Amino acid sequence: MEAVQSMLQGSVDYMNNILWTYVLIVALVGAGIYFTVRTRFMQFRYLKEMFRVVTEKPEVTDSKSISSMKSFFIGAATRIGTGNLAGVTVAVTVGGPGAVFWMWVVALLGGATAMIESTLAQVYKVKDDVAYRGGPAYYIEKGLNNRALGIVFAVLIAVTFGLIFNSVQSNTIAAAFDNAFGIDAVVGGAILVVLTGLVIFGGVHRVANFSAIVVPIMAGLYLAIAAYVVVVNITEIPGVFAMIFQSAFGLEQAFGGSVGAAISMGVRRGLFSNEAGMGSAPNAAAAAEVSHPAKQGFLQALGVFLDTLIVCTATAAIILLSDSYAAGNGEGIVMLQNALSEQIGSWAPAFVAVSVFLFAFSSIAGSYYYGETNIEFIKKSKNAVLGFRIATMAFVFIGAVASLGFVWSLADLFMAGMTLINIAAITLLGGVAFKVLRDYEEQRAQGLNPRFSARKLGIENTECWDVEEEEVAQGAVQAAAADTTKG
(Lines give C-alpha, C1' and ligand atoms only; values in the text may rest on other atoms or scores of the structure.)
Protein backbone atom coordinates (compact mmCIF):
# COMPACT_ATOMS: atom_id res chain seq x y z
CA MET A 1 0.00 0.00 0.00
CA GLU A 2 2.82 2.41 0.87
CA ALA A 3 4.53 1.65 -2.47
CA VAL A 4 1.33 2.48 -4.36
CA GLN A 5 0.85 5.75 -2.46
CA SER A 6 4.51 6.64 -3.05
CA MET A 7 4.10 6.07 -6.80
CA LEU A 8 0.92 8.13 -6.88
CA GLN A 9 2.60 10.88 -4.87
CA GLY A 10 5.47 11.02 -7.35
CA SER A 11 3.14 11.26 -10.36
CA VAL A 12 0.98 13.92 -8.76
CA ASP A 13 4.02 15.98 -7.69
CA TYR A 14 5.46 15.80 -11.22
CA MET A 15 2.27 17.15 -12.78
CA ASN A 16 1.93 19.81 -10.09
CA ASN A 17 5.48 20.99 -10.72
CA ILE A 18 4.73 21.59 -14.41
CA LEU A 19 1.34 23.21 -13.84
CA TRP A 20 2.29 25.44 -10.92
CA THR A 21 5.73 26.43 -12.20
CA TYR A 22 4.88 27.25 -15.79
CA VAL A 23 1.13 27.41 -16.37
CA LEU A 24 -0.97 28.54 -13.40
CA ILE A 25 1.21 31.47 -12.40
CA VAL A 26 0.94 32.98 -15.88
CA ALA A 27 -2.80 32.27 -16.09
CA LEU A 28 -3.72 33.68 -12.69
CA VAL A 29 -1.49 36.74 -12.69
CA GLY A 30 -2.21 37.45 -16.35
CA ALA A 31 -5.99 37.24 -15.83
CA GLY A 32 -5.74 39.37 -12.70
CA ILE A 33 -3.87 42.12 -14.54
CA TYR A 34 -6.26 41.97 -17.52
CA PHE A 35 -9.42 42.23 -15.41
CA THR A 36 -7.90 44.89 -13.17
CA VAL A 37 -7.10 47.11 -16.15
CA ARG A 38 -10.39 46.46 -17.98
CA THR A 39 -12.46 47.26 -14.85
CA ARG A 40 -10.30 50.30 -14.13
CA PHE A 41 -9.01 48.89 -10.84
CA MET A 42 -12.50 48.21 -9.47
CA GLN A 43 -11.20 46.25 -6.48
CA PHE A 44 -9.69 49.46 -5.15
CA ARG A 45 -12.19 52.04 -6.44
CA TYR A 46 -15.21 50.27 -5.01
CA LEU A 47 -13.95 49.22 -1.59
CA LYS A 48 -16.55 51.42 0.15
CA GLU A 49 -19.29 50.07 -2.13
CA MET A 50 -18.33 46.52 -1.18
CA PHE A 51 -19.04 47.20 2.50
CA ARG A 52 -22.33 48.93 1.64
CA VAL A 53 -23.59 46.03 -0.46
CA VAL A 54 -22.69 43.32 2.07
CA THR A 55 -25.36 44.61 4.50
CA GLU A 56 -28.05 45.17 1.88
CA LYS A 57 -31.25 43.20 2.39
CA PRO A 58 -32.88 41.40 -0.55
CA GLU A 59 -35.92 43.18 -1.99
CA VAL A 60 -37.73 39.86 -2.40
CA THR A 61 -37.32 36.88 -0.12
CA ASP A 62 -38.71 33.40 -0.65
CA SER A 63 -37.71 29.80 -0.10
CA LYS A 64 -35.55 29.93 -3.21
CA SER A 65 -33.28 32.76 -2.13
CA ILE A 66 -30.69 33.65 0.48
CA SER A 67 -29.47 37.11 1.36
CA SER A 68 -26.33 38.73 0.02
CA MET A 69 -24.78 38.51 3.47
CA LYS A 70 -25.45 34.80 3.80
CA SER A 71 -24.07 34.21 0.32
CA PHE A 72 -21.00 36.19 1.35
CA PHE A 73 -20.57 34.01 4.42
CA ILE A 74 -20.88 30.76 2.42
CA GLY A 75 -18.06 32.05 0.22
CA ALA A 76 -16.09 33.21 3.26
CA ALA A 77 -16.66 29.85 4.96
CA THR A 78 -14.88 27.98 2.19
CA ARG A 79 -12.17 30.63 1.85
CA ILE A 80 -11.41 31.09 5.54
CA GLY A 81 -10.26 27.65 6.54
CA THR A 82 -7.27 25.37 6.42
CA GLY A 83 -5.59 27.52 3.77
CA ASN A 84 -5.39 30.44 6.19
CA LEU A 85 -3.75 28.39 8.93
CA ALA A 86 -1.98 25.24 7.77
CA GLY A 87 -1.78 26.48 4.18
CA VAL A 88 0.13 29.63 5.11
CA THR A 89 2.44 27.59 7.33
CA VAL A 90 3.18 25.16 4.49
CA ALA A 91 3.77 28.06 2.07
CA VAL A 92 6.26 29.77 4.41
CA THR A 93 8.01 26.51 5.30
CA VAL A 94 8.55 25.44 1.69
CA GLY A 95 8.74 28.79 -0.12
CA GLY A 96 10.22 30.97 2.60
CA PRO A 97 8.75 34.22 3.98
CA GLY A 98 8.60 35.63 0.44
CA ALA A 99 5.68 33.32 -0.31
CA VAL A 100 3.51 35.64 1.78
CA PHE A 101 4.27 38.55 -0.57
CA TRP A 102 3.14 36.54 -3.59
CA MET A 103 -0.01 35.55 -1.72
CA TRP A 104 -0.72 39.29 -1.39
CA VAL A 105 -0.13 39.81 -5.11
CA VAL A 106 -2.57 37.02 -5.98
CA ALA A 107 -5.18 38.57 -3.66
CA LEU A 108 -4.80 42.16 -4.89
CA LEU A 109 -5.09 41.15 -8.52
CA GLY A 110 -7.56 38.39 -7.72
CA GLY A 111 -10.12 40.84 -6.39
CA ALA A 112 -10.94 41.87 -9.97
CA THR A 113 -10.99 38.23 -11.13
CA ALA A 114 -13.36 37.32 -8.30
CA MET A 115 -15.63 40.20 -9.28
CA ILE A 116 -15.84 39.01 -12.89
CA GLU A 117 -16.55 35.34 -12.15
CA SER A 118 -19.16 36.06 -9.47
CA THR A 119 -20.95 38.64 -11.61
CA LEU A 120 -21.18 36.08 -14.42
CA ALA A 121 -22.52 33.50 -11.95
CA GLN A 122 -25.38 35.87 -11.08
CA VAL A 123 -26.12 36.71 -14.71
CA TYR A 124 -26.47 33.05 -15.74
CA LYS A 125 -27.93 31.56 -12.53
CA VAL A 126 -30.95 29.23 -12.62
CA LYS A 127 -33.78 28.27 -10.26
CA ASP A 128 -34.61 24.85 -8.92
CA ASP A 129 -37.14 23.72 -6.32
CA VAL A 130 -34.87 24.68 -3.42
CA ALA A 131 -32.66 27.62 -4.32
CA TYR A 132 -30.87 29.60 -6.99
CA ARG A 133 -27.91 27.73 -8.39
CA GLY A 134 -25.07 28.80 -10.64
CA GLY A 135 -21.33 28.97 -11.17
CA PRO A 136 -18.82 28.24 -13.93
CA ALA A 137 -20.59 25.10 -15.19
CA TYR A 138 -23.73 27.17 -15.70
CA TYR A 139 -22.13 30.18 -17.37
CA ILE A 140 -20.01 27.92 -19.56
CA GLU A 141 -23.19 26.22 -20.78
CA LYS A 142 -25.36 29.33 -21.11
CA GLY A 143 -22.76 31.95 -21.98
CA LEU A 144 -20.44 29.88 -24.16
CA ASN A 145 -23.08 27.37 -25.33
CA ASN A 146 -20.81 24.49 -24.34
CA ARG A 147 -22.55 22.05 -22.01
CA ALA A 148 -19.87 19.38 -22.47
CA LEU A 149 -17.16 21.64 -21.03
CA GLY A 150 -19.58 22.70 -18.33
CA ILE A 151 -19.98 19.06 -17.30
CA VAL A 152 -16.18 18.60 -17.20
CA PHE A 153 -15.92 21.58 -14.86
CA ALA A 154 -18.85 20.35 -12.76
CA VAL A 155 -17.15 16.98 -12.26
CA LEU A 156 -13.85 18.66 -11.36
CA ILE A 157 -15.34 21.00 -8.77
CA ALA A 158 -17.55 18.31 -7.25
CA VAL A 159 -14.54 16.03 -6.79
CA THR A 160 -12.17 18.85 -5.79
CA PHE A 161 -14.34 20.55 -3.18
CA GLY A 162 -16.82 17.96 -2.06
CA LEU A 163 -14.21 15.21 -1.76
CA ILE A 164 -10.53 16.21 -1.95
CA PHE A 165 -10.64 19.65 -0.31
CA ASN A 166 -12.83 18.26 2.43
CA SER A 167 -10.22 15.58 3.05
CA VAL A 168 -7.64 18.39 3.47
CA GLN A 169 -9.91 20.12 5.98
CA SER A 170 -10.49 16.95 8.01
CA ASN A 171 -6.76 16.12 7.87
CA THR A 172 -5.96 19.47 9.47
CA ILE A 173 -8.66 19.14 12.13
CA ALA A 174 -7.51 15.62 13.04
CA ALA A 175 -3.84 16.67 13.28
CA ALA A 176 -4.69 19.68 15.45
CA PHE A 177 -6.83 17.66 17.86
CA ASP A 178 -4.27 14.86 18.04
CA ASN A 179 -1.53 17.38 18.92
CA ALA A 180 -3.67 19.30 21.43
CA PHE A 181 -5.75 16.59 23.09
CA GLY A 182 -4.25 13.27 21.99
CA ILE A 183 -7.42 12.28 20.13
CA ASP A 184 -6.66 9.47 17.68
CA ALA A 185 -7.20 10.36 14.01
CA VAL A 186 -9.64 7.46 13.54
CA VAL A 187 -11.81 8.66 16.42
CA GLY A 188 -11.59 12.27 15.26
CA GLY A 189 -12.48 11.27 11.71
CA ALA A 190 -15.53 9.34 12.87
CA ILE A 191 -16.79 12.33 14.87
CA LEU A 192 -16.30 14.61 11.87
CA VAL A 193 -18.28 12.24 9.64
CA VAL A 194 -21.28 12.42 12.00
CA LEU A 195 -21.12 16.22 12.25
CA THR A 196 -20.73 16.59 8.48
CA GLY A 197 -23.80 14.43 7.90
CA LEU A 198 -25.90 16.56 10.24
CA VAL A 199 -25.07 19.69 8.23
CA ILE A 200 -25.10 18.48 4.62
CA PHE A 201 -28.40 16.66 4.90
CA GLY A 202 -30.02 19.98 5.84
CA GLY A 203 -29.60 21.68 2.44
CA VAL A 204 -28.35 25.10 1.34
CA HIS A 205 -30.20 27.07 4.02
CA ARG A 206 -28.65 25.05 6.82
CA VAL A 207 -25.23 25.56 5.21
CA ALA A 208 -25.94 29.30 4.92
CA ASN A 209 -27.20 29.64 8.49
CA PHE A 210 -24.32 27.61 9.88
CA SER A 211 -21.75 29.70 7.99
CA ALA A 212 -23.40 33.01 8.92
CA ILE A 213 -23.04 32.15 12.62
CA VAL A 214 -19.67 30.43 12.64
CA VAL A 215 -17.60 32.55 10.24
CA PRO A 216 -17.78 35.86 12.16
CA ILE A 217 -17.09 34.13 15.46
CA MET A 218 -14.14 32.09 14.27
CA ALA A 219 -12.57 34.97 12.35
CA GLY A 220 -13.03 37.40 15.25
CA LEU A 221 -11.48 35.11 17.86
CA TYR A 222 -8.52 34.20 15.70
CA LEU A 223 -7.81 37.78 14.63
CA ALA A 224 -8.05 38.97 18.25
CA ILE A 225 -5.31 36.54 19.26
CA ALA A 226 -3.22 37.49 16.22
CA ALA A 227 -3.62 41.18 17.06
CA TYR A 228 -2.41 40.49 20.59
CA VAL A 229 0.67 38.71 19.23
CA VAL A 230 1.43 41.62 16.89
CA VAL A 231 1.01 44.25 19.64
CA VAL A 232 3.24 42.36 22.08
CA ASN A 233 5.91 42.03 19.38
CA ILE A 234 5.32 45.42 17.72
CA THR A 235 9.01 46.33 17.63
CA GLU A 236 9.74 43.19 15.59
CA ILE A 237 7.01 43.74 12.97
CA PRO A 238 9.15 45.96 10.68
CA GLY A 239 11.74 43.18 10.61
CA VAL A 240 9.07 40.62 9.69
CA PHE A 241 7.88 42.71 6.73
CA ALA A 242 11.47 43.33 5.66
CA MET A 243 12.05 39.57 5.76
CA ILE A 244 8.97 38.97 3.59
CA PHE A 245 9.94 41.53 0.93
CA GLN A 246 13.61 40.53 0.83
CA SER A 247 12.77 36.84 0.54
CA ALA A 248 10.18 37.51 -2.18
CA PHE A 249 12.87 38.86 -4.51
CA GLY A 250 15.74 36.60 -3.46
CA LEU A 251 17.53 39.25 -1.39
CA GLU A 252 17.43 37.18 1.80
CA GLN A 253 17.92 33.43 1.67
CA ALA A 254 18.69 32.89 5.34
CA PHE A 255 15.20 31.59 6.01
CA GLY A 256 15.05 29.20 3.06
CA GLY A 257 13.07 29.14 -0.14
CA SER A 258 14.25 30.35 -3.54
CA VAL A 259 12.47 33.07 -5.51
CA GLY A 260 10.86 30.38 -7.67
CA ALA A 261 9.68 28.44 -4.63
CA ALA A 262 8.35 31.63 -3.03
CA ILE A 263 6.33 32.53 -6.12
CA SER A 264 5.08 28.98 -6.71
CA MET A 265 4.03 28.36 -3.10
CA GLY A 266 2.63 31.87 -2.70
CA VAL A 267 0.43 31.52 -5.78
CA ARG A 268 -0.51 27.93 -4.97
CA ARG A 269 -1.44 28.47 -1.32
CA GLY A 270 -2.87 31.90 -2.09
CA LEU A 271 -5.29 30.38 -4.59
CA PHE A 272 -6.21 27.58 -2.17
CA SER A 273 -6.94 30.22 0.44
CA ASN A 274 -8.84 32.95 -1.43
CA GLU A 275 -10.05 30.93 -4.46
CA ALA A 276 -10.02 33.97 -6.79
CA GLY A 277 -10.25 32.63 -10.33
CA MET A 278 -10.72 29.02 -9.28
CA GLY A 279 -14.43 29.08 -10.03
CA SER A 280 -15.64 28.00 -6.60
CA ALA A 281 -16.97 31.17 -4.93
CA PRO A 282 -19.27 31.92 -7.90
CA ASN A 283 -21.36 28.94 -6.81
CA ALA A 284 -22.15 30.78 -3.58
CA ALA A 285 -22.53 34.12 -5.36
CA ALA A 286 -25.22 32.71 -7.63
CA ALA A 287 -27.37 31.62 -4.69
CA ALA A 288 -28.15 35.16 -3.51
CA GLU A 289 -31.21 37.28 -4.27
CA VAL A 290 -29.92 40.64 -5.52
CA SER A 291 -31.25 43.39 -7.77
CA HIS A 292 -28.08 43.52 -9.89
CA PRO A 293 -25.37 40.88 -10.61
CA ALA A 294 -22.49 43.30 -9.97
CA LYS A 295 -23.41 43.42 -6.28
CA GLN A 296 -22.29 39.84 -5.82
CA GLY A 297 -19.12 40.64 -7.74
CA PHE A 298 -18.31 43.33 -5.17
CA LEU A 299 -19.01 40.99 -2.26
CA GLN A 300 -16.74 38.24 -3.52
CA ALA A 301 -13.92 40.72 -4.20
CA LEU A 302 -14.23 41.83 -0.57
CA GLY A 303 -14.04 38.20 0.52
CA VAL A 304 -10.69 37.79 -1.25
CA PHE A 305 -9.24 40.78 0.63
CA LEU A 306 -10.61 39.59 3.99
CA ASP A 307 -9.20 36.13 3.47
CA THR A 308 -5.65 36.82 2.32
CA LEU A 309 -4.73 40.36 3.31
CA ILE A 310 -6.07 40.01 6.85
CA VAL A 311 -6.41 36.39 8.01
CA CYS A 312 -3.45 34.91 6.08
CA THR A 313 -1.22 37.84 7.06
CA ALA A 314 -2.15 37.30 10.71
CA THR A 315 -1.07 33.66 10.48
CA ALA A 316 2.18 34.59 8.72
CA ALA A 317 3.00 37.10 11.48
CA ILE A 318 2.48 34.46 14.19
CA ILE A 319 4.75 31.99 12.36
CA LEU A 320 7.53 34.42 11.46
CA LEU A 321 7.68 35.89 14.96
CA SER A 322 8.33 32.46 16.46
CA ASP A 323 11.41 30.37 17.17
CA SER A 324 9.50 27.30 15.97
CA TYR A 325 9.74 28.50 12.36
CA ALA A 326 13.51 28.97 12.44
CA ALA A 327 13.93 25.62 14.23
CA GLY A 328 11.56 23.73 11.94
CA ASN A 329 9.52 22.62 14.93
CA GLY A 330 6.56 20.73 13.43
CA GLU A 331 4.78 20.90 10.08
CA GLY A 332 1.48 22.32 8.92
CA ILE A 333 -1.00 23.10 11.67
CA VAL A 334 1.29 21.64 14.35
CA MET A 335 3.92 24.31 13.65
CA LEU A 336 1.28 27.01 14.06
CA GLN A 337 0.25 25.49 17.39
CA ASN A 338 3.87 25.45 18.54
CA ALA A 339 4.48 29.00 17.32
CA LEU A 340 1.42 30.34 19.14
CA SER A 341 2.40 28.48 22.32
CA GLU A 342 5.49 30.68 22.48
CA GLN A 343 3.28 33.78 22.50
CA ILE A 344 0.27 32.95 24.65
CA GLY A 345 1.26 29.88 26.65
CA SER A 346 0.44 26.22 26.89
CA TRP A 347 -3.25 26.69 26.09
CA ALA A 348 -2.39 27.71 22.52
CA PRO A 349 -2.58 24.20 20.98
CA ALA A 350 -6.10 23.78 22.35
CA PHE A 351 -7.12 27.22 21.09
CA VAL A 352 -5.74 26.54 17.60
CA ALA A 353 -7.40 23.12 17.57
CA VAL A 354 -10.80 24.65 18.34
CA SER A 355 -10.20 27.52 15.90
CA VAL A 356 -9.15 25.22 13.09
CA PHE A 357 -12.20 23.08 13.79
CA LEU A 358 -14.48 26.09 13.36
CA PHE A 359 -12.56 27.34 10.30
CA ALA A 360 -12.24 23.98 8.60
CA PHE A 361 -15.64 22.55 9.49
CA SER A 362 -17.44 25.59 8.07
CA SER A 363 -15.31 25.05 4.95
CA ILE A 364 -16.50 21.44 4.77
CA ALA A 365 -20.09 22.66 4.84
CA GLY A 366 -19.52 25.30 2.17
CA SER A 367 -17.42 22.99 -0.01
CA TYR A 368 -20.14 20.36 0.07
CA TYR A 369 -22.63 22.94 -1.19
CA TYR A 370 -20.38 23.75 -4.15
CA GLY A 371 -20.23 20.07 -5.01
CA GLU A 372 -23.98 19.56 -4.70
CA THR A 373 -24.67 22.56 -6.95
CA ASN A 374 -22.60 20.98 -9.69
CA ILE A 375 -24.01 17.50 -9.21
CA GLU A 376 -27.41 19.12 -9.83
CA PHE A 377 -26.00 20.68 -13.01
CA ILE A 378 -24.88 17.30 -14.35
CA LYS A 379 -28.10 15.49 -13.49
CA LYS A 380 -31.03 16.38 -11.28
CA SER A 381 -31.33 13.16 -9.33
CA LYS A 382 -32.00 12.56 -5.64
CA ASN A 383 -29.96 9.37 -5.83
CA ALA A 384 -26.98 11.23 -7.30
CA VAL A 385 -27.13 13.81 -4.50
CA LEU A 386 -27.45 11.05 -1.89
CA GLY A 387 -24.43 9.25 -3.36
CA PHE A 388 -22.45 12.48 -3.32
CA ARG A 389 -23.32 13.08 0.34
CA ILE A 390 -22.14 9.60 1.26
CA ALA A 391 -18.92 10.07 -0.75
CA THR A 392 -18.30 13.42 0.98
CA MET A 393 -18.54 11.82 4.42
CA ALA A 394 -16.26 8.99 3.28
CA PHE A 395 -13.57 11.42 2.14
CA VAL A 396 -13.87 13.38 5.37
CA PHE A 397 -12.88 10.19 7.17
CA ILE A 398 -10.16 9.25 4.66
CA GLY A 399 -8.61 12.71 4.93
CA ALA A 400 -8.46 12.48 8.71
CA VAL A 401 -6.25 9.36 8.60
CA ALA A 402 -4.22 10.06 5.40
CA SER A 403 -0.73 11.63 5.19
CA LEU A 404 -0.43 15.42 5.05
CA GLY A 405 1.68 15.63 1.89
CA PHE A 406 -0.52 13.43 -0.29
CA VAL A 407 -3.84 15.17 0.41
CA TRP A 408 -2.30 18.61 -0.24
CA SER A 409 -0.67 17.45 -3.50
CA LEU A 410 -3.91 15.91 -4.76
CA ALA A 411 -5.79 19.11 -3.89
CA ASP A 412 -3.27 21.16 -5.87
CA LEU A 413 -3.67 18.98 -8.97
CA PHE A 414 -7.46 19.12 -9.12
CA MET A 415 -7.45 22.80 -8.20
CA ALA A 416 -5.20 23.46 -11.21
CA GLY A 417 -7.61 21.76 -13.61
CA MET A 418 -10.58 23.74 -12.30
CA THR A 419 -8.73 27.04 -12.46
CA LEU A 420 -7.50 26.66 -16.05
CA ILE A 421 -11.00 25.94 -17.35
CA ASN A 422 -12.56 28.76 -15.36
CA ILE A 423 -9.93 31.36 -16.32
CA ALA A 424 -10.46 30.52 -19.99
CA ALA A 425 -14.25 30.78 -19.62
CA ILE A 426 -14.35 34.12 -17.79
CA THR A 427 -11.82 35.61 -20.20
CA LEU A 428 -14.06 34.68 -23.13
CA LEU A 429 -17.13 36.00 -21.27
CA GLY A 430 -15.37 39.07 -19.92
CA GLY A 431 -17.24 41.37 -22.30
CA VAL A 432 -20.54 40.43 -20.63
CA ALA A 433 -19.20 41.19 -17.15
CA PHE A 434 -17.70 44.52 -18.25
CA LYS A 435 -21.07 45.51 -19.73
CA VAL A 436 -22.85 44.58 -16.48
CA LEU A 437 -20.38 46.60 -14.42
CA ARG A 438 -20.80 49.68 -16.63
CA ASP A 439 -24.57 49.38 -16.28
CA TYR A 440 -24.24 49.29 -12.49
CA GLU A 441 -21.92 52.32 -12.50
CA GLU A 442 -24.30 54.34 -14.67
CA GLN A 443 -27.27 53.63 -12.41
CA ARG A 444 -25.33 54.42 -9.24
CA ALA A 445 -24.17 57.70 -10.81
CA GLN A 446 -27.87 58.62 -11.17
CA GLY A 447 -28.44 57.93 -7.47
CA LEU A 448 -30.40 54.74 -8.13
CA ASN A 449 -30.33 51.34 -6.47
CA PRO A 450 -29.21 49.46 -9.61
CA ARG A 451 -31.64 47.00 -11.16
CA PHE A 452 -30.53 44.61 -13.86
CA SER A 453 -32.22 44.05 -17.19
CA ALA A 454 -30.55 41.41 -19.33
CA ARG A 455 -32.83 42.32 -22.23
CA LYS A 456 -31.77 45.99 -22.14
CA LEU A 457 -28.11 44.97 -22.32
CA GLY A 458 -28.71 42.37 -25.02
CA ILE A 459 -27.57 39.41 -22.88
CA GLU A 460 -29.25 36.10 -23.71
CA ASN A 461 -29.90 32.82 -21.84
CA THR A 462 -30.56 34.57 -18.51
CA GLU A 463 -33.62 32.75 -17.24
CA CYS A 464 -33.72 34.43 -13.82
CA TRP A 465 -33.77 38.05 -15.04
CA ASP A 466 -36.54 40.14 -16.67
CA VAL A 467 -39.15 37.65 -15.43
CA GLU A 468 -41.34 40.41 -13.98
CA GLU A 469 -41.20 42.40 -17.22
CA GLU A 470 -42.24 39.33 -19.18
CA GLU A 471 -45.16 38.70 -16.82
CA VAL A 472 -46.31 42.33 -17.11
CA ALA A 473 -46.05 42.15 -20.91
CA GLN A 474 -48.03 38.91 -21.01
CA GLY A 475 -50.67 40.44 -18.74
CA ALA A 476 -50.99 43.45 -21.05
CA VAL A 477 -51.43 41.19 -24.07
CA GLN A 478 -54.08 39.12 -22.28
CA ALA A 479 -55.90 42.26 -21.15
CA ALA A 480 -55.89 43.66 -24.68
CA ALA A 481 -57.21 40.37 -26.02
CA ALA A 482 -59.99 40.39 -23.43
CA ASP A 483 -60.99 43.95 -24.38
CA THR A 484 -61.08 42.98 -28.04
CA THR A 485 -63.35 40.01 -27.24
CA LYS A 486 -65.70 42.19 -25.24
CA GLY A 487 -65.77 44.74 -28.04
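Above this note sits the structure.
Structure report, in brief. This one's a predicted model, so the numbers in the text were calculated from it and none came from an experiment.

Criteria and cut-off values
Residues numbered from 1 in each chain as written. Predicted model: local features only at pLDDT ≥ 70, side-chain atom pairs only at ≥ 80, totals over all residues. Heavy atoms only, no water. Helix = DSSP H or I, 4+ residues; strand = E, 2+ residues; numbered from the N terminus. Buried < 20%, exposed > 50% of the residue type's maximum accessible area, 1.4 Å probe, protein only. Contact = heavy atoms within 4.5 Å. Areas by Shrake-Rupley, 256 points an atom, 1.4 Å probe, with all protein chains shown as cover. Phe/Tyr/Trp six-rings, centres within 6.5 Å; stacked < 30°, edge-to-face > 60°. Patch = residues over 30% accessible without salt bridge, like charges linked within 9 Å, V, L, I, M, F, W, Y side chains within 5 Å. Salt bridge = Lys/Arg side-chain N within 4 Å of Asp/Glu carboxyl O. 1 Å grid on protein atoms, 1.4 Å probe; cavity = no way out; pocket = protein on both sides within 12 Å on 5 of 7 lines; lining within 4 Å. Points joined across faces, edges and corners; volume = space filled by probe spheres on them. Nonpolar A, V, L, I, M, F, W, Y, C, P; charged D, E, K, R; others polar. Lys, Arg positive; Asp, Glu negative; His and termini not counted. Polar contact = N/O pair within 3.5 Å; in protein donor to acceptor, adjacent residues only side chain to side chain. Axes fitted to C-alpha atoms, helices over the stretch in contact; angles between N-to-C directions. Parallel < 35°, antiparallel > 145°, perpendicular 65-115°, else oblique. Left-handed = near helix turned anticlockwise from the far one by under 90°. Core = buried A, V, L, I, M, F, W, Y, C linked by side-chain atoms within 4.5 Å. Expected span 1.5 Å × (residues − 1). Bend = angle between axes of the 7 residues up to and from the residue.

Below, the discussion takes up the overall build of the protein. Of the regular secondary structure elements, the protein holds 22 helices and two strands. Relative to its full complement of 487 residues, the protein shows a buried share of 57%. Sequence separation of at least 24 residues holds for 83% of the intrachain contacts in the protein that already meet a minimum separation of 6. Approximately 18500 Å² of the protein is accessible, and the part contributed by carbon and sulfur atoms is 65%.

This part covers the packing of aromatic side chains. A full pass over the atoms with the stated rule returns 20 aromatic pairs. Judged by centre distance (6.0 Å) and plane angle (55°), the ring pair of Trp104 and Phe245 falls under tilted. On the criterion of sequence distance, the pair formed by Trp104 in helix 6 (residues 98–123) and Phe245 in helix 11 (residues 237–248) is long-range, its members being 141 residues apart. You can call Trp104 buried: its relative accessible area is 12%. For the ring pair Phe177 and Phe181, a centre distance of 5.3 Å and an interplane angle of 55° mean the geometry is tilted.

Moving on to a nonpolar patch on the surface. There is a patch of nonpolar side chains on the surface, built from Ile33, Val37, Phe41, Phe44, Leu108, Leu309 and Ile310 and spanning about 590 Å² of accessible area. Sorting the residues of the nonpolar patch by element identifies helix 1 (2–38) and helix 14 (293–320) as the ones contributing at least two each. Among the structural elements, Ile310 can be located in helix 14. With a relative accessible area of 43%, Ile310 lands in the partly exposed category.

Attention now moves to empty space enclosed by the protein. All chains considered together, the criterion is met by one cavity of 30 Å³ or more. If you add up the space inside the largest cavity, you get close to 60 Å³. Lining the largest cavity, in full, are Leu28, Val29, Ala31, Val106, Leu109, Gly110, Thr113, Ala276 and Ile423. Where the lining of the largest cavity is concerned, the elements lending two or more residues are helix 1 and helix 6. Element by element, the count of residues in the lining of the largest cavity is highest for helix 6, at four residues. Of the residues in the lining of the largest cavity, the class split is seven nonpolar, two polar and no charged.

Positionally, Glu289 belongs in the loop between helix 13 (281–285) and helix 14. No salt bridge is formed by the buried Glu289; its nearest oppositely charged neighbour, Lys125, is found at 5.3 Å. Of the polar contacts made by the side chain of Glu289, one reaches the side chain of Tyr132; its length is 3.0 Å.

Here we take up the packing of helix 8 (residues 147–181) against helix 16 (residues 333–344). Helix-helix packing is characterised by the crossing angle of the two axes and by the distance between the axes. The geometry of helix 8 relative to helix 16 is characterised by a closest axis approach of 9 Å and an angle of 40° between their N-to-C directions. Our classification of the angle between helix 8 and helix 16 gives oblique. Considering how the two elements wind past one another, helix 8 and helix 16 form a crossing that is right-handed. Across from Thr172, Ala175, Ala176, Asn179 and Ala180 in helix 8, the residues of helix 16 making contact are Ile333, Val334, Gln337 and Asn338. When the residues that make up the contact of helix 8 with helix 16 are grouped by side-chain class, the tally is five nonpolar, four polar and no charged.

In terms of nonpolar packing, the biggest core is built from 119 residues, with Leu120, Tyr139, Tyr222, Phe298, Leu340 and Ile459 touching the most fellow members. For this core, the element with the most residues is helix 6, which contributes 15 residues. Ignoring sequence-local partners within four residues, the contact set of Leu340 consists of Ile225, Val229, Ile318, Gly345, Ala348, Phe351 and Val352.

Here helix 6 spans 38 Å end to end across 26 residues, near enough to the 38 Å set by a 1.5 Å rise per residue. The largest bend along helix 6 reaches roughly 40° and is located at Gly110.

Below, the discussion takes up unusual backbone geometry. In this structure, Phe41 is a non-glycine residue whose phi angle is positive, near 60°. Unlike most non-glycine residues, Asn461 shows phi in positive territory, near 60°. For Asn461, the location among the structural elements is in the loop between helix 21 (454–457) and helix 22 (467–486). Since its relative accessible area comes to 39%, Asn461 is described here as partly exposed.

Taken N-terminus to C-terminus, the directions of helix 7 (residues 136–143) and helix 17 (residues 348–378) make an angle of 35°; their axes are 9 Å apart at the nearest point. Residues Ala137, Tyr138 and Glu141 of helix 7 form the contact with helix 17, whose participating residues are Thr373, Asn374, Glu376 and Phe377.

What follows concerns helix 7. The buried fraction of helix 7 amounts to six of the eight residues, a majority that puts the element mostly inside the structure. Within helix 7 the residues assigned to the buried category are Pro136, Ala137, Tyr138, Tyr139, Ile140 and Lys142. Taken from the residues just after helix 7, Asn145 is the one with a positive phi, measuring 55°.

On inspection of all chains with the given rule, the structure shows nine salt bridges. A salt bridge links Arg52 to Glu49; its shortest N-O distance comes to 3.0 Å. Placement of the pair is Arg52 and Glu49 together in helix 3 (residues 47–54), with a separation of three residues, close to one helical turn. Look at Arg52 and you get partly exposed, because its relative accessible area is 30%. Close ionic contact of Arg147 with Glu141 constitutes a salt bridge, the shortest N to O distance being 3.3 Å. One network of salt bridges, in which partners are shared, links Arg40, Arg45 and Glu441.

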